[in-house]
Amino acid sequence: MQALLKRKTYLISVVMKHIILTAIICGAASMATLLSSCSKEKTIPLPDKLEASKWETFSIKEPDRLIISSLEFRDATHADYTVTTYDVDENHYADRDKVIEQTKIGFTYTYRKPDITMTPTGEGPALNGSIENFSEYNLMTLKTADGKTFFSAKEGAFFHEWK
């Protein structure tokens, strides 16, 4: 009788373990389905046009210089590339009134999503590149004829213009 009771207890514990394991797996699958279907991630699409957009990036040169590179698409065929070097104060803030150097190149461009071709209107390199799409931002990369990156900037949900 005692052996039968032990066997019955063992079978119940095995069945209970299977039921608990099945419940955990079903619960995890249900939770994953619920989370993925309710996700409201902010996604940034590739732009249909570049007109009226401005792409910027910055870098630090020496400890007291801030370099802002910007590419502003003025209309459907013209863009301006500007590189401005600012003096940085003791608090590490750039003073817009303290421009050390500024270079500007005008371009005509064509944009056929996602490819960009840029031709300088004066002195400057011809550029080719594209915009690569990620869920939260777009990455524009423009290269010179020899394949060197000339300009690269991100624009999207977490990238704001420097003001």
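Our subject is the structure listed above.
Residues numbered from 1 in each chain as written. Predicted model: local features only at pLDDT ≥ 70, side-chain atom pairs only at ≥ 80, totals over all residues. Heavy atoms only, no water.

## Focus on the sheet that holds strand β2 (residues 65-73)
One open sheet holds the eight strands; their spatial order is β1-β2-β3-β4-β5-β6-β7-β8, and the pairing between them is antiparallel. Edge positions in the open sheet fall to β1 (54-61) and β8 (149-156), since each of these has one partner strand only. Mean inter-strand twist for the sheet, computed between neighbouring axes without regard to direction, equals 25°. Relative to strand β3 (residues 78-88), β2 is paired through nine bridges, and the arrangement is antiparallel. Each bridged residue has a counterpart across the sheet, and for S70 the counterpart in β3 is T82. (Pairing = 2+ DSSP bridges. Helix = DSSP H or I, 4+ residues; strand = E, 2+ residues; numbered from the N terminus. Axes fitted to C-alpha atoms, helices over the stretch in contact; angles between N-to-C directions.)

## Quick notes on the pattern of salt bridges
The tally for this structure, following the rule as stated, stands at five salt bridges. In this structure, the salt-bridge partner of K54 is E56, at a minimum N-O distance of 3.6 Å. In this structure, the salt-bridge partner of R65 is D87, at a minimum N-O distance of 3.0 Å. With R65 in strand β2 and D87 in strand β3, this pair connects stretches of sequence that are 22 residues apart. (Salt bridge = Lys/Arg side-chain N within 4 Å of Asp/Glu carboxyl O.)

## Side note on unusual backbone geometry
Between K113 and the following residue, P114, the backbone shows a cis peptide bond with an omega angle of 5°. A positive phi angle, near 70°, is found at A52, a position not held by glycine. Summarising the element assignment, A52 is placed in the loop between α1 (2-38) and β1.

## What to know about the side chain of N138
By the element assignment, N138 lies in strand β7 (residues 137-143). In this structure the side chain of N138 is engaged in a polar contact, spanning 2.9 Å, whose partner is the backbone oxygen of P45. Not counting the four nearest positions on each side in its chain, N138 is found in contact with I44, P45, L46, P47, W55, I131, E132, N133, A153, K154 and E155. (Polar contact = N/O pair within 3.5 Å; in protein donor to acceptor, adjacent residues only side chain to side chain. Contact = heavy atoms within 4.5 Å.)

## Considering the pairing of β8
Where β7 lies against β8, seven bridges are found, and the strand directions are antiparallel. When the bridges of β8 are listed, L139 appears paired with K154. What sits between β7 and β8 in their antiparallel hairpin is a turn of five residues, with G147 showing a positive phi close to 90°.

## Points about the environment of K143
By secondary structure assignment, the location of K143 is in strand β7. K143 sits in the partly exposed class, given a relative accessible area of 37%. Taking the C-alpha atoms as reference points, K143 and G129, separated by 14 residues in sequence, lie 5.9 Å from one another. Setting aside its immediate chain neighbours within four residues, K143 contacts A126, L127, N128, K148, T149 and F150. (Buried < 20%, exposed > 50% of the residue type's maximum accessible area, 1.4 Å probe, protein only.)

## Concerning the nonpolar core
Generally speaking, soluble globular proteins have nonpolar side chains that are buried together. Core analysis: the biggest nonpolar cluster contains 20 residues, and L50, L71, F73, M118 and M140 have the highest contact counts within it. Elements that contribute at least two residues to this core include exactly β2, β3, β4 (94-112), β5 (115-120), β6 (127-133), β7 and β8. The dominant element in this core, judged by the number of residues it contributes, is β4, at four residues. (Core = buried A, V, L, I, M, F, W, Y, C linked by side-chain atoms within 4.5 Å.)

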